[in-house]
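Structural features, examined
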Amino acid sequence: MGKEYSVQEALKLAIKAEKDSMDFYVRAASVAKNERAKKVLEMLAAEEATHVKHFFDHYKGTEFGDLQSFMSTPVDTKNPTYMKLEKAISEEMGEQKALELALIEEKDCIGQYTQLAAGVVDPMVKAIFERVVKETEGHYALIEAEYAHIMGMVNDSDMDTFVRE
C-alpha cells in the first residue's frame with residue numbers, strides 16, 4: 001500500500017524531480033551532436049521548467065526560495081540519472097545513451113507521478129499530477145521516436161524489437 005501524501009509533500013517531491021529532469025535535459029542537449037536530438041532535448045528541458053512552475057504555483061513551503069532563484073540553483077550532481085549521464089558523456093557515448101537514460105527517467109517519473117496522484121486528496125493538485133503524467137507519457141513517446149530516428153529504425157515494429165524490450 002502506497003503512502004498518502006499531503007499536497008505540500010507531493011508538490012515538494014515533484015518540484016525537485018522536475019528540476020532534476022530539467023537539468024538532465026539541459027546537460028544532454030549541451031553535448032548532443034545531432035541537431036534534431038539537441039532540439040528535442042532542449043524542448044524537453046523547457047517543458048520540465050514549465051512543470052516546475054506549475055508545481056511551484058501551489059507550493060507553500062519556503063525552503064526553495066522564489067521560483068527564479070530555485071531555477072538557477074546548481075545541478076544536483078548526486079542525482080543518480082545525472083551521474084549516469086555524466087559517465088556516458090565522459091565515455092563519449094553521445095545522444096544514444098542520453099536518450100536511453102531519458103527513457104528510463106521518464107518511465108520512472110510516470111510511476112512516481114501516478115503514485116503521487118493516487119496519494120493526493122486535493123482535486124486540483126491531483127489534476128495537476130494527472131496532467132503531468134499525460135505530458136510525461138508524451139515525453140516518453142517523443143524520446144522513443146527520436147531514439148528510433150538516431151538508431152535508424154524505420155517503423156514501430158523495429159521500435160518494439162530494439163526499444164521496448
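Residues numbered from 1 in each chain as written. Predicted model: local features only at pLDDT ≥ 70, side-chain atom pairs only at ≥ 80, totals over all residues. Heavy atoms only, no water.

Below, the discussion takes up the overall build of the protein chain. Helices and strands together make up the secondary structure of the protein chain, namely seven helices and zero strands. Listed N to C, the secondary structure of the protein chain is α-α-α-α-α-α-α in terms of helices and strands. Expressed as a percentage of its 165 residues, the buried residues of the protein chain come to 41%. For the protein chain, restricting intrachain contacts to residue pairs at least 6 apart in sequence, the fraction spanning at least 24 positions comes to 70%. Accessible surface computed for the protein chain: about 9,000 Å², of which carbon and sulfur atoms make up 57%. (Helix = DSSP H or I, 4+ residues; strand = E, 2+ residues; numbered from the N terminus. Buried < 20%, exposed > 50% of the residue type's maximum accessible area, 1.4 Å probe, protein only. Contact = heavy atoms within 4.5 Å. Areas by Shrake-Rupley, 256 points an atom, 1.4 Å probe, with all protein chains shown as cover.)

Going through the model one piece at a time under the given rule, you end up with eight aromatic pairs. For the ring pair Phe-24 and Tyr-25, a centre distance of 5.3 Å and an interplane angle of 80 degrees mean the geometry is edge-to-face. For the pair Phe-24 and Tyr-25, one class covers both residues: buried. (Phe/Tyr/Trp six-rings, centres within 6.5 Å; stacked < 30°, edge-to-face > 60°.)

The next subject is the nonpolar core. Judged by nonpolar contacts, the single largest core of 44 residues is most densely connected at Ile-15, Tyr-25, Leu-41, Phe-55, Tyr-113, Phe-129 and Ile-143. Those elements that place two or more of their residues in this core are α1 (7-31), α2 (35-56), α5 (94-118) and α6 (123-150). Looking at this core, the element that brings in the most residues is α1, giving 11 residues. With near-sequence residues (within four places) excluded, Ile-15 lies in contact with Val-52, Phe-55, Phe-56, Tyr-59, Phe-64 and Phe-70. (Core = buried A, V, L, I, M, F, W, Y, C linked by side-chain atoms within 4.5 Å.)

Right, let's get into the side chain of Thr-81. By the secondary structure assignment, Thr-81 is in helix α4 (residues 80-90). Separated by 3.0 Å, the side chains of Thr-81 and Glu-105 make a polar contact. For Thr-81, the contacting residues outside a window of four places in its chain are Phe-24, Leu-101 and Glu-105. (Polar contact = N/O pair within 3.5 Å; in protein donor to acceptor, adjacent residues only side chain to side chain.)

Our next topic: the confidence of the model for the protein chain. The predicted model of the protein chain averages 85 in pLDDT, with 90% of residues at 70 or higher. Mean pLDDT values over the elements of the protein chain span from 49, in helix α7 (residues 156-162), up to 95, in helix α3 (residues 67-71). (pLDDT = per-residue confidence, 0-100.)

On the secondary structure map, Leu-99 appears in helix α5. Along the primary structure Leu-99 and Ala-28 are separated by 71 residues, whereas in three dimensions their C-alpha atoms are 8.6 Å apart. Sequence-distant contacts of Leu-99, that is, excluding residues within four places in its chain, are made with Leu-41, Ile-143, Glu-146, Tyr-147 and Ile-150.

Further remarks concern the packing of α4 against α5. Where α4 contacts α5, the axes come no closer than 9 Å and their chain directions differ by 170 degrees. Judged by the angle between their axes, α4 and α5 are roughly antiparallel. Contacts between α4 and α5 pair Thr-81, Lys-84, Leu-85 and Ala-88 from the former with Gly-94, Lys-97, Ala-98, Leu-101 and Glu-105 from the latter. When the residues that make up the contact of α4 with α5 are grouped by side-chain class, the tally is four nonpolar, two polar and three charged. (Axes fitted to C-alpha atoms, helices over the stretch in contact; angles between N-to-C directions. Parallel < 35°, antiparallel > 145°, perpendicular 65-115°, else oblique. Nonpolar A, V, L, I, M, F, W, Y, C, P; charged D, E, K, R; others polar.)

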